[in-house]
Amino acid sequence: MTTVPSSSARQAREALGARLRELRKDAGFSGRELASRGFHYSKVSRLETGSQAPSDADIRAWCNACGVEEEAPDLVATARAVESAYLEFRRQTRAGMKRLMAAHVPLYERTEHFRIYEHNAIPGLFQTADYAASMLSFWIDFLDSPNDLEQALAIRMERQKVIYQSSKRVAVLLEEQALCTWFGTAEVQIGQLDRLLADMGLPNVSIGIIPMMRERKAVGSAGFWIFDDSLVCLETPTASIEVTRPQEVAQYVRMFDVLREAAVYGPDAQALIRKALAAF
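Our subject in this report is the structure included herewith. On a predicted model such as this, the values are computed, not experimentally measured, just so you know.

### Some words on the packing of helix 12 (residues 186–199) against helix 14 (residues 266–278)
Direction vectors running N to C along helix 12 and helix 14 enclose 165°, while the axes themselves pass 10 Å from each other. With respect to their mutual orientation, helix 12 and helix 14 come out roughly antiparallel. Seen from above, helix 12 lies across helix 14 with left-handed handedness. In this structure, helix 12 uses Ile190, Leu193, Asp194, Leu196 and Leu197 to contact helix 14, whose residues at the interface are Gln270, Ile273, Arg274, Ala276 and Leu277. Along the lines of polarity and charge, the residues of the contact of helix 12 with helix 14 split into seven nonpolar, one polar and two charged.

### Examining the packing of helix 9 (residues 129–142) against helix 10 (residues 149–159)
Between helix 9 and helix 10, whose axes approach to 10 Å, the crossing angle comes to 130°. Relative to helix 10, helix 9 is oriented oblique. Read as a crossing pair, helix 9 and helix 10 show a hand that is right-handed. For the pair helix 9 and helix 10, contact is made by Ala129, Ala132, Ala133, Met135, Leu136, Ser137 and Ile140 and by Leu149, Ala152, Leu153, Arg156 and Met157, respectively.

What counts and what doesn't
Residues numbered from 1 in each chain as written. Predicted model: local features only at pLDDT ≥ 70, side-chain atom pairs only at ≥ 80, totals over all residues. Heavy atoms only, no water. Axes fitted to C-alpha atoms, helices over the stretch in contact; angles between N-to-C directions. Helix = DSSP H or I, 4+ residues; strand = E, 2+ residues; numbered from the N terminus. Parallel < 35°, antiparallel > 145°, perpendicular 65-115°, else oblique. Left-handed = near helix turned anticlockwise from the far one by under 90°. Contact = heavy atoms within 4.5 Å. Nonpolar A, V, L, I, M, F, W, Y, C, P; charged D, E, K, R; others polar.

Following this line, the structure appears as structure tokens:
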């Protein structure tokens, strides 16, 4: 996974350059020999040291020259991620939280298959307005963003329309802890759990819950969303990270499948939600 900006971007670019150098050496070429196949020698050096970012065309030409065309898609995705994977929340929210909410609307609209894993909160697509407002209020304050709660909340709730579209498939994995983590008052949490029970009845939605006291193969270190098989999004307290490298996206799909093995569905999942409700 790569991050931007500052030193992390430089390190990621250097790692990409090192990979290009490995491909050249594996092909048995010196820098000058590769340059004779269409690259200026100084450019070969700049790309390999990470002092210059390669274009998509550079990467494809490099892989073609080294006889490893199959490497090009992953390297192109990596190069793009170096420049755009790490999106600072503070920079995104200078114009208000609504901008952050609106940024993902096109992504939600074009995605056909959502796979969502959350360990301590209900995903935004299934939040009640009160639950979402409590969560957004915290982030507006924490990120020192302009207070545009009403507009941001309206966009967040509008994004939920995708779960009611029959063409969409939405697979959700929740840790049981997410049922017990409050955002707002007890009344807000009760309303949220009731909403989750209702959403379980949607024909295109699958909601699994991983019980706390259950043997399992893996533990998710962070929540993540997989959009089709092309993008993974994660959030930290200060940034949103986007993963686009095909091999890395595939790893998240594998992790989702492993986590799903420990989940319960249908009546068993509903029973966990009702147990959480009974605690109030």
